[in-house]
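The residues making up each chain are set out below.
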Amino acid sequence: MNIYVGNLPYSTTPDDLQAVFAAYGEVAAARIVNDRETGRPKGFGFVEMPNDTEAKAAIEALNGNDIGGRKAVVNEARPREARPPRKEW
């Protein structure tokens, strides 16, 4: 299951995210989303957990709780919505 994790401190690393979720089960991948232009973290990321039962337990336990000093938003990731093509100027 792909899990969205929002409202993270900008200092959070993928290893930090993996460590938090590993307490609830196997973590296949953890990534932090960075701004394309600046390369700085955007304050959210995604965690991939292969076992849905473990993933749901992690979501329930971590949503609204403290991760790195901030109240995290944790839920099942939704598929990316299609966007219209960008205009070239």
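Below, the structure is looked at part by part. (Residues numbered from 1 in each chain as written. Predicted model: local features only at pLDDT ≥ 70, side-chain atom pairs only at ≥ 80, totals over all residues. Heavy atoms only, no water.)

1. Details of the packing of aromatic side chains
Filter applied, for reference: Two rings belonging to Phe, Tyr or Trp (six-membered ring only in the last case) form a pair when the distance between their centres is within 6.5 Å. Interplanar angles under 30 degrees mark stacking, angles over 60 mark edge-to-face geometry, and anything in between is tilted. Numbering of helices and strands runs from the N terminus; a helix is a DSSP stretch of H or I covering at least four residues, while a strand is a stretch of E covering at least two. Type-normalised accessible area, obtained with a 1.4 Å probe on protein chains alone, sets the label of each residue: buried when under 20%, exposed when over 50%, and partly exposed for intermediate values.
Taken as a whole, this structure holds three aromatic pairs when the rule is applied. When the ring of tyrosine 4 is compared with that of phenylalanine 46, the centres are 5.9 Å apart and the planes differ by 65 degrees; the resulting orientation is edge-to-face. Of this pair, tyrosine 4 sits in strand S1 (residues 2-6) while phenylalanine 46 sits in strand S3 (residues 41-48), and the two are 42 residues apart along the sequence. Residue classification places tyrosine 4 among the partly exposed residues on the basis of a relative accessible area of 26%. Taken together, Tyr4, Phe44 and Phe46 form an aromatic cluster joined through their ring pairs.

2. Digging into helix H2 (residues 52-62)
Selection rule: Throughout, the arc means the angular range of directions from the helix axis out to the C-beta atoms. Note on contacts: a residue pair qualifies if any of its non-hydrogen atoms lie within 4.5 Å across the two residues. Residues adjacent in sequence count toward polar contacts only when both atoms are side-chain atoms; beyond that, a polar contact is any pair of N or O atoms within 3.5 Å, and within protein one must be able to donate a hydrogen and the other to accept it.
Those residues of H2 lying buried are Ala55, Ala58, Ile59 and Leu62. An end-on view of H2 places all buried positions within 100 degrees of arc, on one side of the element. Residues of H2 that are exposed and point more than 90 degrees away from the buried face comprise Thr53, Lys56 and Glu60. Tucked inside the fold, the buried residues of H2 contact S1, helix H1 (14-22) and strand S6 (73-76). The N-terminus of H2 is capped by asparagine 51, whose side-chain oxygen sits 2.9 Å from the backbone nitrogen of threonine 53. Glycine 64, located one to two residues past H2, shows a positive phi value of around 85 degrees.

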